[in-house]
Amino acid sequence: MPSGSIAHRLRPGGPWQRVLPRVICLQTGRLTAHQRLRAALAYAGPKGRPAPQSGEVLLTGAAVLADAGLPSAGHPADLTEVDVLIPGQRRVADRGFVRIHRAGGAMPGGFERDDGLWSTSVARALADLAPRESGRRRFRALCAEAVQRRHCELGELLDQLLARPDARQLTGLARVVEELTAGVRSVVEAEARDAVRGAGLPEPLWNPVLFLDGRFLAVPDAYWPQACVALEIDSRAWHLRPADHERSLTRANRLTTAGLPVVRTTPVQLRRDPGPVLHELAVLLSAGPHGPHGRVSWRRAR
């Protein structure tokens, strides 16, 4: 199409709009979430092509995490920025709502989404997001949610996070890696771990699988094997569905029925006044082992 015809359609009040350099939308009005993603990939793609080739330019970061349904990532329609991964040698700058990430080595193997757009894995999206997010509470939540909801394996996520050349310099990244390795699977568990450490209590197992006489018993939030004491953090807000909260209550009851002392608390109590909970734990730990100590075995969280 002649450039003059394009300019005429892009005039103020015309039927088209320029979204980004080299990217035009053949309609006016606010772009849909899908159009913004398409526009970001088109902008970041090689010049002179109508569309990037398969896997040549990949969505990453918050757009991938929101599409996966991680609660802390928000709804895809609410994203203000779109993260895009390109080969390291390409010369493309951030522009408008597009944030450019460059692959340190070879481009990772992406996959084609149901909407036809190409994306990185959830684990790689978290690693690309780390420079801007690793010191924030939300990044801890995103990593925990990704593993808890089985969008990636723990080992895959750790590999991607630690593969960053700047991993040692990123504030908070080492802390997130340590928490995930320890078995922590939510922000509230990470906060409980901080409180337990701050009180000088022994480090428990986080989310271990417990067995009574060799048969599955439960998966408590925290468990001290040397004293046979469990900690349960009750909150609907930190469970994936209402049914998960009901299972949490059933789990605590099953532990109590088996003879294990269970200390129960809430996220609000841990943040505002953790003293009584920590004192109760200290008393039980010093008086242990309790109940069926010799009959309980365990396996670490995966």
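Residues numbered from 1 in each chain as written. Predicted model: local features only at pLDDT ≥ 70, side-chain atom pairs only at ≥ 80, totals over all residues. Heavy atoms only, no water.

**Student:** Hey, could you run me through the overall build of the protein chain in this one?
**Tutor:** Of regular secondary structure, the protein chain possesses eleven helices and 14 strands. Computed over its C-alpha atoms, the radius of gyration of the protein chain comes to 24 Å, more than 25% above the 19 Å expected for a compact globule of 302 residues. Summarising its shape, the C-alpha atoms of the protein chain cover approximately 85 × 35 × 35 Å along the three principal directions. The burial tally for the protein chain puts 47% of its 302 residues in the buried class. Looking at the protein chain as shown, the accessible area adds up to about 15,400 Å², and 50% of this sits on carbon and sulfur atoms. Here the protein chain contributes 42 positive and 30 negative side-chain charges, whose respective centroids are spaced 6 Å apart. (Helix = DSSP H or I, 4+ residues; strand = E, 2+ residues; numbered from the N terminus. Rg over C-alpha atoms; globule rule 2.2 N^0.38 Å. Buried < 20%, exposed > 50% of the residue type's maximum accessible area, 1.4 Å probe, protein only. Areas by Shrake-Rupley, 256 points an atom, 1.4 Å probe, with all protein chains shown as cover. Lys, Arg positive; Asp, Glu negative; His and termini not counted. Charge placed at Lys NZ, Arg CZ, Asp CG, Glu CD.)

**Student:** Sorry, what's going on with the nonpolar core here?
**Tutor:** Within soluble globular proteins, side chains that are nonpolar generally end up buried alongside one another. The biggest cluster of nonpolar side chains holds 49 residues, and the ones touching the most others in it are Leu 65, Val 84, Leu 126, Leu 157, Leu 161 and Leu 180. Looking at this core, the elements that each hand over two or more residues are α2 (33-44), α3 (62-68), β4 (82-86), β5 (98-102), α4 (122-133), α5 (137-148), α6 (154-162) and α7 (173-182). Ranked by residue count, the leading element in this core is α4, at seven residues. Setting aside residues no more than four positions away along its own chain, Leu 161 makes contact with Leu 126, Ala 127, Phe 139, Cys 143, Ala 167, Leu 173, Val 177 and Leu 180. Val 188, Leu 201, Leu 231 and Ile 233 belong to the second-largest nonpolar core, a separate cluster that totals 21 residues. (Core = buried A, V, L, I, M, F, W, Y, C linked by side-chain atoms within 4.5 Å. Contact = heavy atoms within 4.5 Å.)

**Student:** Would you mind going over the environment of Pro 274 with me for this structure?
**Tutor:** Tracing the backbone shows Pro 274 in the loop between α10 (267-272) and α11 (275-287). For the pair Pro 274 and Val 196, spaced 78 residues apart in the sequence, the C-alpha separation amounts to 9.3 Å.

**Student:** Looking at this structure, I do not really get the packing of aromatic side chains. What am I missing?
**Tutor:** Enumeration according to the criterion identifies zero aromatic pairs in this entry. Taking the ring centre of Trp 16 as reference, the NZ or CZ of Arg 9 above it sits at 5.4 Å. The lysine or arginine in question, Arg 36, covers the ring of Phe 97, its NZ or CZ lying 4.3 Å from the ring centre. (Phe/Tyr/Trp six-rings, centres within 6.5 Å; stacked < 30°, edge-to-face > 60°. Lys NZ or Arg CZ within 6 Å of the ring centre and 35° of its normal.)

**Student:** I'm lost on the state of the cysteines in this one. Help?
**Tutor:** Between two cysteines, a covalent bond joining their sulfur atoms is known as a disulfide. Inspection of every chain in the model, using the stated rule, returns zero disulfides. For Cys 152, which is in no disulfide, the shortest distance to another cysteine sulfur is to Cys 143 and amounts to 8.0 Å. Overall, the relative accessible area of 6% leaves Cys 152 in the buried class. (Disulfide = S-S within 2.5 Å.)

**Student:** Any chance you could explain the side chain of Thr 60 here in plain terms?
**Tutor:** Counting through the fold element by element, Thr 60 comes out in strand β3 (residues 58-60). Look at Thr 60 and you get buried, because its relative accessible area is 0%. Of the polar contacts made by the side chain of Thr 60, one reaches the side chain of Asp 128; its length is 2.7 Å. Those residues in contact with Thr 60 that lie beyond four places of it in its chain are Asp 83, Val 84, Leu 85, His 101, Thr 120, Arg 124, Ala 125 and Asp 128. (Polar contact = N/O pair within 3.5 Å; in protein donor to acceptor, adjacent residues only side chain to side chain.)

**Student:** Is there a simple way to think about the sheet that holds strand β12 (residues 229-233) in this case?
**Tutor:** Two pairing modes exist for strands in a sheet, parallel and antiparallel, and in both the strands are linked by backbone hydrogen bonds. Pairing is mixed in the open sheet, where four strands are placed in the order β8-β11-β12-β13. Edge positions in the sheet fall to β8 (205-206) and β13 (262-265), since each has one partner strand and no second. Alignment of β8 against strand β11 (residues 222-224), held across two bridges, turns out to be antiparallel. Within β11, the position partnered with Trp 206 by the bridge is Ala 222. (Pairing = 2+ DSSP bridges.)

**Student:** Quick question: what am I supposed to make of the pattern of salt bridges here?
**Tutor:** One side chain can pair with another of opposite charge once the charged atoms of both are near each other. Summed over the entire model, instances satisfying the criterion amount to 21 salt bridges. The salt bridge partner of Glu 133 is Arg 138, with a shortest N-O separation of 2.9 Å. By relative accessible area, Arg 138 is classed as partly exposed at 26%. Residues Glu 179 and Arg 140 are paired through a salt bridge, measuring 2.4 Å at the closest nitrogen-oxygen approach. With Glu 179 in helix α7 and Arg 140 in helix α5, the pair connects residues that are 39 residues apart, well separated along the chain. (Salt bridge = Lys/Arg side-chain N within 4 Å of Asp/Glu carboxyl O.)

**Student:** Looking at this structure, I do not really get the pairing of β12. What am I missing?
**Tutor:** Here is the key point about a regular strand: its side chains alternate between the two faces of the sheet. Counting buried positions over the five residues of β12 gives five, a clear majority of the element. As defined by bridge partners, β11 adjoins β12 across three bridges and the pair is classed as antiparallel. For Tyr 223, the partnering residue across the bridge sits in β12 and is Ala 230. Following β11, the chain reverses through four residues before pairing antiparallel with β12; Cys 228 in that reversal takes a positive phi of roughly 60°. Where β12 and β13 come together, four bridges link them in parallel fashion. Paired with Glu 232 across the two strands is Arg 264, which belongs to β13.

**Student:** How do you make sense of α2 when you look at a structure like this?
**Tutor:** Under the 1.5 Å per step criterion, the end-to-end length of α2 is 17 Å for twelve residues, consistent within 8% with the ideal 16 Å. Of all the positions in α2, only Leu 37, Ala 39, Ala 40, Leu 41, Tyr 43 and Ala 44 are classed as buried. (Expected span 1.5 Å × (residues − 1).)

**Student:** Looking at this structure, how should I read the packing of α4 against α6?
**Tutor:** Describing two packed helices takes the angle between their axes plus the distance from one axis to the other. In the contact formed by α4 and α6, the axes pass within 8 Å of each other and the chain directions differ by 30°. As summarised for this structure, α4 and α6 are arranged roughly parallel, according to the angle between their axes. The way α4 lies across α6 gives a crossing that is right-handed. Of α6, the residues touching α4 (which contributes Ala 123, Arg 124, Leu 126 and Ala 127) are Glu 156, Leu 157, Gln 160 and Leu 161. Here the contact of α4 with α6 is built from residues that sort into five nonpolar, one polar and two charged. (Axes fitted to C-alpha atoms, helices over the stretch in contact; angles between N-to-C directions. Parallel < 35°, antiparallel > 145°, perpendicular 65-115°, else oblique. Left-handed = near helix turned anticlockwise from the far one by under 90°. Nonpolar A, V, L, I, M, F, W, Y, C, P; charged D, E, K, R; others polar.)

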